[in-house]
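Residue strings, one per chain:
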Amino acid sequence: MANHGVASFDYTYDVFLSFRRGVHRAFIDHLYKALDGIDIKTFKDDDKEESTTEEEETNPDLIEKIERSRISVVVLCKDFPFSTRCLDEVAKIMECYEKKTMQVVGLFYDGVTAADVRWQKEDRAYGKAITQHKERLRLGEESDKIKTWRSALSRVCDLIALNCDKKYETELISMIVKGVSVRLPPLRLQIKDVIGLDSRFEEVKSHLDIGNNDAVQMLAICGPPGIGKTTFAAYIYNNIINHQYIAASFISNIRDKPKVEDLQSTLLSEMGEKRESRRGDTDGGGREIKRKLSVKKVLLVLDGVDKIEQLKSLAGGCDWFGPGSKIIITTRDATLLNRHRVKIKRYQMTELSDDDSRKLFCWYAFDGGEPAQNFANLVPQALSIAKGIPLALKKLGSRLKDRSLDEWEMELDRYNKVPEAFEFLLKSFGN
């Protein structure tokens, strides 16, 4: 059984390592270093290594760390169930799983099998351990604690599990790190230019209803080429992704990718799913997206949509995605939204203000500084040509950078007299 989507939550750790104290310390240390080495924030209970009390109660601080972790890796070795602290840990981990705030990876380590853990037979380690705890604590088979421990151990076997018995340590650790990595939210996007985006983001917050985890919101960012739709969508993506979504995808330049089935495969892959429907069957691909993503809170950006078929095949309805999901669309053609029978809020991109236009132009023309002496009088002329369009400001600034005063005057004069020359310049850079 696959792990379900994780609900929105304020996480402190990416991974919580659950293991038996003092056992296989080298393996745990190597696993921790491998995760930490790729910036996966991992909690390893070092106090467990120093503790000499086998039956120490799980302290509230440790419980909180479990609750604040996205994923738990449970190392199930032969000695694991003989510690009530370990059993309490796995019980809490499974409680978090059932609340949809955690994903779980189980490792059957040091000869332990899934059958040992699931069935806990009395002639095997896990069954013997439970029996010892019952006798020592004078608990009946039907006591809440015994039932909780047994159920938690059994449920771990239903989730993502790796059998470690016949694998080299380095191979095993590599598999664990890879498995954990694909289940963590994606990294933020790299954005070079954010001038003027703060105020725009404040304007769209209400459209996205960011704090609402019950409803799916779709937002279309509309405007002509070069107005900054893609950059703004990336800015929104970065500002709302933090600790909120189990999966996310930013599919760029959709208009340049003619095969919708390829886009469907990309979407499923980036959401942590493998396509099962037949390639070429876009209807089947749409049904698969709905089936697999309707239980996940996701963040999806569809950039450069120019055909209604793209919307119908990638985001056919709000019910295709789990509660709290945000779907952002960028398009030059707002009219195609009218043909998509889904409620989509709209945001119309406008030109930058005079002040922001000047800042963006100077960033490219003067490396972010103020205009050099004798150039300041020419800046207003350049801004007039660019008309507040971000792409035009960037390309004109880049074109004039490090040029002489005479070259500035000649270039600006040419663009004023022959506007088509400037339009050609923009097309040569792409938009």
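Here is a short report on the structure shown in this document. (Residues numbered from 1 in each chain as written. Predicted model: local features only at pLDDT ≥ 70, side-chain atom pairs only at ≥ 80, totals over all residues. Heavy atoms only, no water.)

1. Observations regarding the sheet that holds strand 7 (residues 247-251)
- With parallel pairing, five strands are arranged side by side in an open sheet as 7-8-9-6-10. Each edge of the sheet is formed by a strand with only one pairing partner; in this case those strands are strand 7 and strand 10 (345-348). Direction aside, the axes of adjacent strands within the sheet are offset by 15 degrees on average.
- One ladder, built from four bridges, connects strand 8 (residues 298-302) with strand 9 (residues 326-331); its direction is parallel. When the sheet's bridge partners are listed, Leu300 is paired in strand 9 with Ile327.
- In the packing of helix 9 (residues 197-208) onto the sheet, the strands contacted are strand 6 (217-222), strand 9 and strand 10, and the crossing angle to strand 10 comes to about 170 degrees. (Pairing = 2+ DSSP bridges. Helix = DSSP H or I, 4+ residues; strand = E, 2+ residues; numbered from the N terminus. Axes fitted to C-alpha atoms, helices over the stretch in contact; angles between N-to-C directions. Contact = heavy atoms within 4.5 Å.)

2. With respect to the side chain of Gln103
- Within the secondary structure layout, Gln103 lies in strand 4 (residues 103-108).
- Engagement of the side chain of Gln103 in a polar contact is seen with the backbone oxygen of Arg183, the distance being 3.4 Å. (Polar contact = N/O pair within 3.5 Å; in protein donor to acceptor, adjacent residues only side chain to side chain.)

3. So, the packing of aromatic side chains
- Summed over the entire model, instances satisfying the criterion amount to ten aromatic pairs.
- Ring geometry for Tyr237 versus Phe250: centroids 5.9 Å apart, planes at 80 degrees, classification edge-to-face. One end of the pair, Tyr237, is in helix 10 (residues 229-240); the other, Phe250, is in strand 7, with 13 residues separating them in the sequence.
- Measuring from ring centre to ring centre gives 6.2 Å for Phe366 and Phe375, while their planes differ by 70 degrees; the resulting arrangement is edge-to-face. Just as Phe366 is buried, Phe375 falls in that class too. (Phe/Tyr/Trp six-rings, centres within 6.5 Å; stacked < 30°, edge-to-face > 60°. Buried < 20%, exposed > 50% of the residue type's maximum accessible area, 1.4 Å probe, protein only.)

4. Examining the nonpolar core
- Membership of the largest hydrophobic core comes to 54 residues, with the highest contact counts inside it found for Phe27, Val73, Leu76, Leu107, Ile176 and Val180.
- The greatest single-element share of this core, amounting to eight residues, is contributed by helix 4 (residues 84-98).
- When neighbours within four sequence positions are excluded, Val73 is seen to be in contact with Val15, Phe16, Leu17, Ser18, Leu31, Val105, Leu107, Ile176 and Val180.
- Counting residues in hydrophobic clusters, the runner-up holds 30 residues, among them Leu267, Phe321, Leu336 and Ile344. (Core = buried A, V, L, I, M, F, W, Y, C linked by side-chain atoms within 4.5 Å.)

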